[in-house]
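Take a look at the letters that make up each chain.
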Amino acid sequence: MLKFEIVSSRKVEGVDNEKKFVSYMLQVRQDSTESSVFDPDPANVERRYTHFLDLYTGLKKEHPTIMNSVTFPRKIVVGNFDPNLISSRCAAFESLLNLIANESRLRDAPAAIAFFQNVELNESRKLINEGKFDQALFVLETSFKLLNKVYTDRSRVVLSVLCRIVACAGYSGGTLAGPVEKWAQLALRRYEAVSDSDLLMIYVPLLHTCISMWDTLGRDKTKLVEELNNLRRRGMKVDSVPSLMDAVDGLDTSL
């Protein structure tokens, strides 16, 4: 059972002339429906009021009928740090999120996908551009944990972040090959049952990246090379393809 909970909040000092704001810690769990046991490994990410507002506004536009009875706390100019206001906002955020948990049409809407992935996606891109690959890997692993609880194992949004983790190792010049190996293995396993043509276009760069990682780690790459040759025989372009990161960036992750 997918469960969302706001477990804490904190005041954040603004940077670059940005005003102070409240950051809400969102916990995402897959709790047991049979024994009322909490997920032992929940995902925890921070979101601010504007992220929830964008989520609500987008869902209301995309699914007005479903969202017709949903109320949302209005934006105010002063008093944002009042404990009672924060508490009431937390309750409203949880109500909205748990509606999403029980309604697949809301969960699969572009506004929801953006809410669940964009904060970490943008942060990881910034860190990669700055050459901070270890930090980018941590952010992407957090993103995967979250998205893998909200969406199915082989959905575009989940495979996208999984391949982005592998691509991060490629960008690192091989220094992250060891830490990322388990993610590469998982990505390869999940692709075994994928038939979507767009997702398969990412599979080829994934194989190339894994072959390079296997070289770095001294692993046997025979099976990966054979898989590339099989795809070639099936008529797929397997040479002169984009990098894995470029291929993932070109994927539309809408479900």
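Asks: How would you explain the side chain of Arg-89 if you had to name every residue and give the values?
Replies: In this fold, Arg-89 is placed in helix H2 (residues 83–101). For the buried residue Arg-89, which engages in no salt bridge, the nearest side chain bearing the opposite charge is Asp-82, 9.5 Å off. Excluding its chain neighbours within four sequence positions, the residues that come into contact with Arg-89 are Tyr-24, Tyr-49, Pro-73, Arg-74, Lys-75, Ile-76 and Asn-80.

Asks: Break down the sheet that holds strand S2 (residues 21–30) for me, with residues and values.
Replies: Sheet architecture is open: three strands sit in the order S1-S2-S3, paired in antiparallel fashion. Whereas interior strands pair on both sides, the edge strands pair on one side only; in this sheet they are strand S1 (2–12) and strand S3 (43–48). On average, each strand axis in the sheet is inclined to that of its neighbour by 25 degrees, with strand direction left out of account. Pairing geometry for S1 and S2, over ten bridges, is antiparallel. Opposite Lys-3, over in S2, you have Arg-29 as the bridge partner. Contacting S1 and S2, H2 crosses the sheet at an angle of about 150 degrees to S1. Lying over the sheet, helix H5 (residues 133–150) contacts S1, S2 and S3, oriented at roughly 95 degrees with respect to S3.

How each quantity is defined
Residues numbered from 1 in each chain as written. Predicted model: local features only at pLDDT ≥ 70, side-chain atom pairs only at ≥ 80, totals over all residues. Heavy atoms only, no water. Helix = DSSP H or I, 4+ residues; strand = E, 2+ residues; numbered from the N terminus. Buried < 20%, exposed > 50% of the residue type's maximum accessible area, 1.4 Å probe, protein only. Lys, Arg positive; Asp, Glu negative; His and termini not counted. Salt bridge = Lys/Arg side-chain N within 4 Å of Asp/Glu carboxyl O. Contact = heavy atoms within 4.5 Å. Pairing = 2+ DSSP bridges. Axes fitted to C-alpha atoms, helices over the stretch in contact; angles between N-to-C directions.

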